[in-house]
Amino acid sequence: MTSTIRAEIAENSPQTAVQGRVTSRPVKAETAGQTPSTISRLGTWCTRRRYEIAPAGAHATITGLAWAQHLAGVTPGVGVAYTLGTLALGSATGWALQKGHAKLAVGTGTAAAAVAEAGINAVVGPGATGLVTTAVAAIGSYTLYWPWLLDRRRKLAPAAAPGPLAVAPAGTGAPALAVVNPGTSSAALAAPEGPALADDPAGTRDTQNLRDALAALGIAPLAVDNYTADANGWSALVTLPAGRSTSPATVKAQREQLSNNMGLSGRLRLSTGPSGNQLLVKVDLHDALADPIPWPGPSITTVKEPMSLGIFEDGEEILLDLMKDHILIGGATDAGKSGVENAILGNLAACSDALVLGIDMKPGALELGPWESTMMTLAEDADQAAEVFSTVKAEMIRRGKYLSTLTGPNGERVRKWIAGDPEAPADSAEWGHGPFWYLVIDELAELFRQAPDLAKELPTLNQVARAMGIRLIVATQSPSANAFGGRGTDARQQYGTRIGLGVNEPITTNLILGPGAHGAGWTLDDLDKPGKLMISNKMHKQPREGRCYWISDAQILATARLHPKTGMRPTPPNGGPGGRFLKSVPAYPDGTRIPDNRVELWQAIDRRGASGVTINGLLADGLTGLNTRTAISDPVQTWKARGWVVEVGVAEDRSKIFAVASHLKAA
């Protein structure tokens, strides 16, 4: 008898959580035995798919009206009018693109295509030419419209609104407990899932597969909501029963088994949801960040603009404000820390209002060495690092004293260093107190192992230097408190921007991004490719996977050659106090230092750029100690054999012309 009874909980009665197999699949409210007509089915289908067929309907309407105009009679003046309209709208589109008005360009471009389509169909009338024109226009429309529609639906997808719980009839094949809408018939409830769900618009198959996989782990979810899908995969929010054995942490510990239970060919990502018993499930069927992303070159010329660091998985640029905070870069070996450093240094090199000091404790400064010509100085041992710290601290004090002599428009004290040119007009965007300084430290833990006395200096720089226009960019594999100066104040808190790359253990995520970060979804241990990252600061508050640009050695060399800053230092306005300056040692392209007796010759060739110079031209320069052809030719031939210098032509006197190879690559 119970098999014929369906017990429903009244809509206005209190509901209690029921642990069991729950589905949010809506059930069609159709009367048993009723068969809709073909026209009714077509109308229902069009209603459901109205957004998908909207562009096709628009093009069909345009074509129909244009054919009607043709049949009514078209004069040559009509064709001229359509042509002029198309050209005018096309010109507007070009203007909008040139000015960077993307939305206006899309609107005028769409209008131009519509006018052109209508004009062709009005002139030629019904036939193959008109149909081809309409088809081409429709394809172009869908190329722009379909990605927008998918993104719009993903952003606006509401959480599933559960209806009352109902017990299904026994023997129907339906789940024993289901969420149904008020008014759903018994026949509709009993109907098994079948061809009607073939397009699966609500992700019923995905969510049911997830439920079954969790049930195989011995955990029956209370609800699966907020299903969203895009070209790369889908995600859903799972509400789990209360209890330690059914907690999100328990499920995350069995992620690999859950993925196997679901039969996934892609990647499964799990993170804690908004509530303590909720689990956010994300399935990546396609990895948009699987391949390295080539660096497009410097994206800024001033640190007042945010630089482009890479691309998020949805195609959005990863923007990094170089003026805002100190920056911490953390990750395991070979996770891509040097790639992030290269992307930042490449942009800083192109900024006229930025000066860089580097510390790289690897022998030969292997990581930062290629950028040495763009830096004020580069330290590669403990003594040099101590001198860099001393210089930065002295500059910090100098700037503080200088700012104390300044007043604002209302007589107020000036408390913040502004990046810019002090010689520029005061009301211009280029004006400022002077360039920002950036102290870049590769592998902080290694620095303090070799120079432990510097550990006590770091907290002072972290806390005070920001107001003076001095920023620290620190990379380390082990971002523990010991790596930032040991006990006492944890200097990690002074790094407002944190960039986390792949790590081997979840605990390292919390060391890089802060306590509790891993449980909140910042799963750095899921990053499976070098350069994949997550960035956390006031601009990026939610965990999003991205990938840093990849810079080739040739790009580093060319960029460094185009933006040399060796020997530069900021000159304080109005005769402000000076300070010591460390001058960088000239180096060959491979990073080795140029001997003193070769520096003048190398610089003489280098300053000729891509046009080059002959041996006779170098003799005419009167270089110190180089007054014979042999004295010049021998080192030039050695540099040529190593690929640093190349022949670029022959002069009128048939003498060979030589140039530094990097100038040719940069050109």
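Placed above this text is the structure.
Residues numbered from 1 in each chain as written. Predicted model: local features only at pLDDT ≥ 70, side-chain atom pairs only at ≥ 80, totals over all residues. Heavy atoms only, no water.

Peer 1: Can you tell me about the overall build of the protein chain, naming the residues and giving the values?
Peer 2: Each helix and strand in the protein chain was counted, giving 19 helices and 20 strands. A buried classification covers 43% of the 667 residues belonging to the protein chain. When contacts within the protein chain are restricted to residue pairs at least 6 apart in sequence, those whose partners lie at least 24 apart make up 61%. Carbon and sulfur atoms make up 56% of the accessible area of the protein chain, which totals about 33,500 Å². (Helix = DSSP H or I, 4+ residues; strand = E, 2+ residues; numbered from the N terminus. Buried < 20%, exposed > 50% of the residue type's maximum accessible area, 1.4 Å probe, protein only. Contact = heavy atoms within 4.5 Å. Areas by Shrake-Rupley, 256 points an atom, 1.4 Å probe, with all protein chains shown as cover.)

Peer 1: Describe in detail the environment of N537, supporting the description with residues and values.
Peer 2: Structurally, the position occupied by N537 is in the loop between β16 (532-536) and β17 (546-550). With near-sequence residues (within four places) excluded, N537 lies in contact with G496 and T497. Side chain to side chain, N537 and T497 meet in a polar contact 3.3 Å long. A polar contact is formed between the side chain of N537 and the backbone nitrogen of M539, at a distance of 2.9 Å. (Polar contact = N/O pair within 3.5 Å; in protein donor to acceptor, adjacent residues only side chain to side chain.)

Peer 1: Any details on helix α7 (residues 204-216)? Residues and values, ideally.
Peer 2: Counted at 1.5 Å a residue, the expected span for α7 with its 13 residues is 18 Å, and the 18 Å between its end C-alpha atoms agrees. All buried positions along α7 are accounted for by T204, T207, Q208, L210, R211, A213 and L214. Packed against the buried residues of α7 are β3 (223-230), β4 (233-239), α8 (248-253), α9 (255-262) and β6 (278-284). Positive backbone phi, at 90 degrees, marks G218, one or two positions downstream of α7. (Expected span 1.5 Å × (residues − 1).)

Peer 1: Lay out the nonpolar core in plain terms, naming residues and giving numbers.
Peer 2: Counting 78 residues, the largest nonpolar core has L309, I344, I359, Y438, L439 and L447 as its most contacted members. Sort the elements by how many residues they give to this core and helix α11 (residues 382-403) lands first, with seven residues. Here Y438 is in contact with V303, L322, M323, L348, A354, L355, V356, L357, R471 and I473, once residues within four sequence places are set aside. (Core = buried A, V, L, I, M, F, W, Y, C linked by side-chain atoms within 4.5 Å.)

Peer 1: I'd like to hear about the environment of R269, residue by residue, with values.
Peer 2: As for its position among the elements, R269 is in strand β5 (residues 267-272). Among the residues examined, R269 registers a relative accessible area of 9% and is labelled buried. The sequence separation of R269 and L280 amounts to eleven residues, and the corresponding C-alpha distance is 8.1 Å. Discounting residues that sit within four places of it in the chain, R269 has contacts with L280, V281, K282, D284, E313, D526 and E545. Polar contacts involving the side chain of R269 include one to the side chain of D284, which spans 2.9 Å. In this structure the side chain of R269 is engaged in a polar contact, spanning 3.0 Å, whose partner is the side chain of E313.

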